[in-house]
Amino acid sequence: MRKIRLTIEYDGTDYVGWQRQPNGPTVQEKVEAALGAVVGRKVDVISSGRTDAGVHARGMVAHFETDLDLPLTAFREGVNTHLPDDIAVVAAEEAPAGFHARYDALAKRYRYTILLGAIRSPIRKRYSWHVRRSLDVGAMRQAAAGFVGRHDFAAFRSAGCDAGTTVREIFSLGISRHGRLLHFDIVGDGFLRNMVRVIVGTLVEVGSGKRPPEAVTELLAGGCRDLSGVTAPPQGLCLMQVWYEGEPADWQGDAKACKSCQKSLDN
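Residues numbered from 1 in each chain as written. Predicted model: local features only at pLDDT ≥ 70, side-chain atom pairs only at ≥ 80, totals over all residues. Heavy atoms only, no water.

1. Let's talk about helix H3 (residues 137-144)
Within the span of H3, buried status applies to Val-137, Ala-139, Met-140, Ala-143 and Ala-144. Projection of H3 onto a plane perpendicular to its axis shows the buried side chains occupying an angular sector of 160°, all on one side. Along its buried surface, H3 packs onto strand E8 (167-178), strand E9 (181-188), helix H4 (195-207) and helix H5 (215-222). If you check the start of H3, you find a side-chain oxygen 3.1 Å away from the backbone N of Gly-138, and it comes from Asp-136. (Buried < 20%, exposed > 50% of the residue type's maximum accessible area, 1.4 Å probe, protein only. Helix = DSSP H or I, 4+ residues; strand = E, 2+ residues; numbered from the N terminus. Arc of directions from axis to C-beta. Contact = heavy atoms within 4.5 Å. Polar contact = N/O pair within 3.5 Å; in protein donor to acceptor, adjacent residues only side chain to side chain.)

Written as structure tokens, this is what we have:
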């Protein structure tokens, strides 16, 4: 039995999330249907995690098993012919028999994008949060440093989060500005539901002068969701990359963005 690892890119605007659910179209069901059309049978795809409604991905990792002796191009080019324009398999490769896209993931990087300024951008509205007021980026960076490390993030999750533990480790949280765009790049060992979006919403409140940078420490210690910031809208969030054993990364023990992440900030 072969195990195939896929890297998938998608625009999540028109989907209720990655995971199959009865209340609307999902990315998972589209990918499974496309794979089924290629292999001629039902396929179950296991992903590295979930993304919520309206959230995008450039590097979602998933795997499936097959006993067919098809070339890897069948699982990339072939599958893509059966996918809608807003989903694409960007890489397909053989994985070790024991590989698991979810349980073997060591770290993930998300990017949240804000568009600054009074004038909206019709082109960027699907991929950014339009914030009209000015933000103090220096204060936001000071506050962002408080999230780095291993903490209980109970105050930074949605009410519907069913995670067994709320302790997570953030390896880096960088904020960079490129013209009117403000990028938040966050690398961690895992994320609670809406965690990145609540972190960004809280940092925006710091940048707006509604909270001091030191408030992050108190919020983490208090663990109360009602006291932390707003949940940033979904369209600004994108899953950029997932790391596994043996892949180059140097995020561990470093409060700065890992080298591979830093390179991507310039793209």
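2. Re the side chain of Thr-51
Along the chain, Thr-51 falls in the loop between strand E2 (46-47) and strand E3 (56-66). Classification of Thr-51 by relative accessible area gives buried; the value is 6%. A polar contact is formed between the side chain of Thr-51 and the side chain of Tyr-10, at a distance of 2.6 Å. When sequence neighbours within four positions are dropped, the list of residues in contact with Thr-51 reads Tyr-10, Gly-17, Trp-18, His-56, Met-60 and Tyr-110.

3. Here we look at the confidence of the model for the chain
Across the chain, the average pLDDT comes to 91, with 93% of residues at 70 or higher. The model gives residues 253-267 a pLDDT under 50, and that stretch makes 25 contacts with residues more than four places away or in other chains. (pLDDT = per-residue confidence, 0-100.)

4. Concerning the nonpolar core
If you look at the biggest cluster of nonpolar residues, it comprises 70 residues, and the most contacted ones within it are Ile-8, Ile-114, Phe-156 and Leu-203. When residues of this core are assigned to their parent elements, the largest contribution, eight residues, is made by H4. Ile-8 has contacts with Trp-18, Val-31, Ala-57, Arg-58, Gly-59, Met-60, Ala-62, Ile-87, Ala-88, Val-89 and Val-90, leaving out every residue within four places of it along the chain. (Core = buried A, V, L, I, M, F, W, Y, C linked by side-chain atoms within 4.5 Å.)

5. Let's talk about unusual backbone geometry
The phi torsion at Asn-194 lies on the positive side, around 70°, for a residue other than glycine. According to the relative accessible area criterion, Asn-194 is buried, its value standing at 17%.

6. With respect to the side chain of His-56
On the secondary structure map, His-56 appears in strand E3. At 2.8 Å, the side chain of His-56 and the backbone oxygen of Arg-126 are in polar contact. The contacts of His-56, once residues within four sequence positions are left out, are Tyr-10, Asp-11, Gly-12, Thr-13, Thr-51, Arg-126, Tyr-127, Gln-235, Leu-237, Cys-238 and Leu-239.

7. Regarding the pairing of E9
Most of E9 sits out of view: eight of its eight residues are buried. Residue alternation in E9 divides its side chains into two sets, Leu-181, His-183, Asp-185 and Val-187 and Leu-182, Phe-184, Ile-186 and Gly-188, and both sets are buried. As paired strands, strand E5 (residues 107-116) and E9 are joined by eight bridges and run antiparallel to one another. Each bridged residue has a counterpart across the sheet, and for Tyr-110 the counterpart in E9 is Ile-186. Bridge count between E8 and E9: eight bridges; the pairing is antiparallel. Counted as the bridge partner of Arg-177 is Leu-182 from E9. (Pairing = 2+ DSSP bridges.)

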